[in-house]
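If you want the building blocks of each chain, they are given just below.
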Amino acid sequence: MDTFWVSPQDGAGDLDGAAGACRVPTEHKRTKKTNLPDCLRPGRTRSMKLWLGLCLALLWVELQHGACQQVKRRKDAGENRIRLGGKRAKLRPAKPKHGGGKSQNLLTQVLDKGRFLRLGPVTTLAPGRSMKLRCKGNSIGWSYPSSLDTFNDSRLSVKPSDKYGQLVLTSPSAADTGRYSCWVVVCDGSECERDHERTYVSYVYFTDKDNLFVPSAIHVEIVYLRPDRPAVVPCRVTDPRAEVSLHREAPPEEIPANGTQVTYDPTRGFVLQKPRPEHQGVFYCKAVLKGTPQISTKYQLLYVEVPRGPPLAGLEASPESVRRGDDVNVTCSVLGEPEADVSFTWTYPGQGRRPAHTHTSWRLVNRGLSHTTRLSQSVLTLEDMETIDFGNYVCKAKNQEGETIVTTDIVSR
């Protein structure tokens, strides 16, 4: 049997030396007088036992200290658990505040039994059932499809209140598909304006399998093509799942939507990004959804020659030379964009003292190379000219882009 001992004189760090000094031979002859190693003599044995007990006590203290540290760390990790009223409760961390982002949509649909549904950018509803929308705020403005305004539809009602604005549309149909929005109106004294940061929009589809296209009261709609801006063929659908294609009537061909020159948006229609003269003609759209294809209304695409800007006006008198007693027509003519309305204002010598008649009209004119423009005219007629009627005639033509003033002199011959 091998025996090891550590001598206090050797120290705790030199185990090899201690082992060598205290090794007892494994086998030895039993004699009456045994020569024991110094480390096994009775006096030193008692000292070693005391020293070993002290080391074990220190080791036990160190082990207890380490266990306490682990328990403390576990408590630190779960220190948000406290006792309330004898029960263990867990404190929830405060939710971070999100700043700088867009505010949440406050446009909601009122459902039955006091339930509400917050609307997203796109909403799909069944026709026939009344739609009731609410927007939070004490002063709310609304917008909705223009057809509801054009026909002064009695199915639509807007009701304000102290806490919200409400829009109600009874018996909606596929024709009511479109963009519905509300916004908070901010006032400073008597001046009020729309708060664009608190404007909420939802495009609402009223799906109708028998009317895949939003119905139109016009049999043929005119679409003007301009080289400096995109043009829209407005064949909107009532169901975003419908597959839609664009077709030319003559010669018959399909115009593919390639995602670059021609794109399709179900809320707008087909968009021609860079219109050209060859895009003119009569077009229609075709939609398919689980059944027979449906055809939209027709669209007449016309290329516009005159660019946007103030009216291009001219003024002439007929006849050019007159005498007292003659009748005179003074015509103010404007060439402009096909859909640009023009207003006329006249100033002439006998104004307010002599009777005069004005007649205003407009028509579309093809100016060659398939270019189309609008000719607007105002004719001032004076009968039985007198001396007071001779002088300078001024016509002021105005559109949304600006105004133009032209003059001419009528003298007696």
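Residues numbered from 1 in each chain as written. Predicted model: local features only at pLDDT ≥ 70, side-chain atom pairs only at ≥ 80, totals over all residues. Heavy atoms only, no water.

With respect to the overall build of the protein chain
Of regular secondary structure, the protein chain possesses 3 helices and 27 strands. Residues counted as buried form 33% of the 413 residues belonging to the protein chain. Summarising the internal contacts of the protein chain: among those between residues at least 6 apart in sequence, 64% fall at separations of at least 24. Surface accessibility of the protein chain: about 27000 Å² in total, with carbon and sulfur atoms responsible for 52%. (Helix = DSSP H or I, 4+ residues; strand = E, 2+ residues; numbered from the N terminus. Buried < 20%, exposed > 50% of the residue type's maximum accessible area, 1.4 Å probe, protein only. Contact = heavy atoms within 4.5 Å. Areas by Shrake-Rupley, 256 points an atom, 1.4 Å probe, with all protein chains shown as cover.)

Considering the nonpolar core
Within the largest apolar cluster, 21 residues are counted, with the highest numbers of intra-cluster contacts made by Val233, Val244, Phe270, Cys285 and Leu301. Among the secondary structure elements, those contributing two or more residues to this core are strand 12 (220–225), strand 13 (231–233), strand 14 (243–248), strand 17 (269–272), strand 18 (281–288) and strand 20 (298–304). Discounting residues that sit within four places of it in the chain, Leu301 has contacts with Val223, Leu225, Val233, Leu272, His279, Gln280, Gly281 and Phe283. Ranked by size, the runner-up nonpolar core spans 20 residues in total, among them Phe344, Leu382, Ala397 and Ile410. (Core = buried A, V, L, I, M, F, W, Y, C linked by side-chain atoms within 4.5 Å.)

As for the state of the cysteines
Put plainly, two cysteines are in a disulfide when a covalent bond ties their sulfur atoms together. Tallied over the entire structure, the rule returns 4 disulfides. Between the sulfur atoms of Cys135 and its disulfide mate Cys182 the distance is 2.1 Å. Because the torsion about its S-S bond is 70 degrees, the bridge between Cys135 and Cys182 counts as right-handed. In this pair, Cys135 sits in strand 6 (residues 131–136) while Cys182 sits in strand 10 (residues 178–188), placing the two residues 47 residues apart along the sequence. Residues Cys135 and Cys182 agree in their burial class; the two are buried. Residue pairing for Cys235: its cysteine sulfur links by disulfide to Cys285, the two sulfurs lying 2.1 Å apart. One disulfide, between Cys235 and Cys285, carries an S-S torsion of -60 degrees and so falls in the left-handed class. A residue pair is termed long-range when its members are at least 10 positions apart, and Cys235 in the loop between strand 13 and strand 14 and Cys285 in strand 18 qualify at 50 residues. The two residues Cys235 and Cys285 agree in class, both being buried. Here the bonded cysteines of the protein chain are numbered in sequence order, and their pairing is 1-2, 3-4, 5-6, 7-8. (Disulfide = S-S within 2.5 Å.)

Details of a nonpolar patch on the surface
Taken together, the side chains of Leu52, Leu56 and Leu59 define a hydrophobic patch exposed on the protein surface, amounting to about 280 Å² of accessible area. For Leu56, the position within the fold is in helix 2 (residues 42–77). (Patch = residues over 30% accessible without salt bridge, like charges linked within 9 Å, V, L, I, M, F, W, Y side chains within 5 Å. Salt bridge = Lys/Arg side-chain N within 4 Å of Asp/Glu carboxyl O.)

None of the figures reported here should be taken as evidence of function without further support.
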